[in-house]
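# Geometric and topological summary
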Amino acid sequence: MDFPRFASALRVSILCALVGAGWGAAHVPSQAQQLVATVDSTESVIDYTGSAPLHDWTGTSRSVSGRFVLDPTQADSSRAVVRASVASFDSGNDRRDRKMREVTEAAKYPQVEFRATDIEPLIWGRTTDGRAGRWRATGTLTFHGRTHPVEAPVRIRAGTDSVYARAQFAVSLTRFEVERPSLLWASIGDTIRIDARIRGAIAVPSSAERSRMGPAREHPVGPSVPQTAGRPPGRQ
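Residues numbered from 1 in each chain as written. Predicted model: local features only at pLDDT ≥ 70, side-chain atom pairs only at ≥ 80, totals over all residues. Heavy atoms only, no water.

## A look at the overall build of the protein chain
Selection criterion: Note on conventions: DSSP H or I runs of at least 4 residues are helices, E runs of at least 2 residues are strands, and numbering of each starts at the N terminus. Exposed residues in this analysis have more than 50% of their type's maximum accessible area, buried residues have under 20%, and partly exposed residues fall in between, with area computed by a 1.4 Å probe over protein chains only. Should any heavy atoms of two residues lie within 4.5 Å, those residues are considered in contact. The protein chains shown are the only cover counted for residues, whose accessible areas, like all others here, come from Shrake-Rupley with a 1.4 Å probe.
What the protein chain contains, in helices and strands, is three helices and twelve strands. Taking all 236 residues of the protein chain together, the buried fraction comes to 36%. Nonlocal contacts in the protein chain, meaning residues at least 24 apart in sequence, comprise 62% of its contacts between residues at least 6 apart. With an accessible surface of roughly 14800 Å², the protein chain has 54% of that area assigned to carbon and sulfur atoms.

## Notes on unusual backbone geometry
Of note, the phi angle at glutamate 105 is positive, near 50 degrees, even though the residue is not glycine. Topologically, glutamate 105 is positioned in the loop between α2 (94–103) and β6 (111–126). Overall, glutamate 105 belongs to the partly exposed group, its relative accessible area being 32%. Phi at glutamate 177 is positive, roughly 60 degrees, even though this residue is not glycine. By the secondary structure assignment, glutamate 177 is in the loop between β9 (162–172) and β10 (182–183).

## Observations concerning the pattern of salt bridges
The criterion, for reference: Salt bridge, as used here: a side-chain nitrogen of Lys or Arg that lies within 4 Å of a carboxyl oxygen of Asp or Glu.
One pass over the structure, following the stated rule, counts eleven salt bridges. Residue aspartate 56 pairs with arginine 193 through a salt bridge whose shortest N-O separation is 3.9 Å. With a gap of 137 residues between them, aspartate 56 in strand β3 (residues 56–61) and arginine 193 in strand β12 (residues 191–203) connect regions that are remote in the sequence. On the basis of relative accessibility, which here comes to 46%, the residue aspartate 56 falls in the partly exposed class. On the accessibility criterion, arginine 193 (42% relative accessible area) is partly exposed. Residues glutamate 120 and arginine 136 are paired through a salt bridge, measuring 2.6 Å at the closest nitrogen-oxygen approach. Of this pair, glutamate 120 sits in strand β6 while arginine 136 sits in strand β7 (residues 131–143), placing them 16 residues apart in sequence. In this structure glutamate 120 comes out as partly exposed when scored by relative accessible area, which is 39%. Each of the salt bridges in this network shares a partner with another, and the network as a whole consists of Asp47, Arg166, Asp195 and Arg197.

## Considering the environment of threonine 142
As a reminder of what qualifies: By the criterion applied in these results, polar contacts are pairs of N or O atoms within 3.5 Å in which, for protein atoms, one can donate a hydrogen and the other can accept it, and in which residues neighboring in sequence qualify only through two side-chain atoms.
Structurally, threonine 142 is set in strand β7. As for threonine 142 and phenylalanine 176, which are separated by 34 residues in sequence, their C-alpha atoms are 8.7 Å apart. In contact with threonine 142, other than residues within four places in its own chain, are Gln111, Val112, Glu113 and Thr147. Of note is the side chain of threonine 142, whose polar atom sits 2.8 Å from the side chain of threonine 147.

Purely geometric numbers; function is a separate question.
This is the structure in structure tokens:
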């Protein structure tokens, strides 16, 4: 055996192994960072719009609370909960608001709550300061002491320090066993339309939360673009 040649080849093999290990360590995917955002009641609002034979009207609440837990790189693992005080909705007509509080039994069931438990990203991509897109959110709505599944389209934008979401969906009063009041001698329509515009301030994730996060994974929003990477030439 030619020992000098063997020793030289061994040194080259070890050097290649060390270089390869260093390259791999430098290219380990970064940990995904979940964004935890608390609803900002000063910048969030929920409207409901009801209908009557002669006119429609809108009641507004700014007594909104809740939280988002958003995973930018794995959007379908995100979730959210948003609440509002039933008695806080103001339509600008005291008589009408008193009647709505009466039929929704606001003193007995003071909160309306939406929980998004299943997120389907329809469009989701990068922006200059974060990500934005459209989701389909499925979850539950608790109203008048009853809980039923609901589905809502959501437009969402996550920046560096805040999350903004807008969801719109319809609610049947009959489904939630709410008696339809009479306004101007005629019962209001069964459907009320919800328009929620919610902004949350992003908190820095704790070390415990970061330790539970897995490798980052992207949700493609369009056709993938093949990429080529340089590789050392093989032996001829």
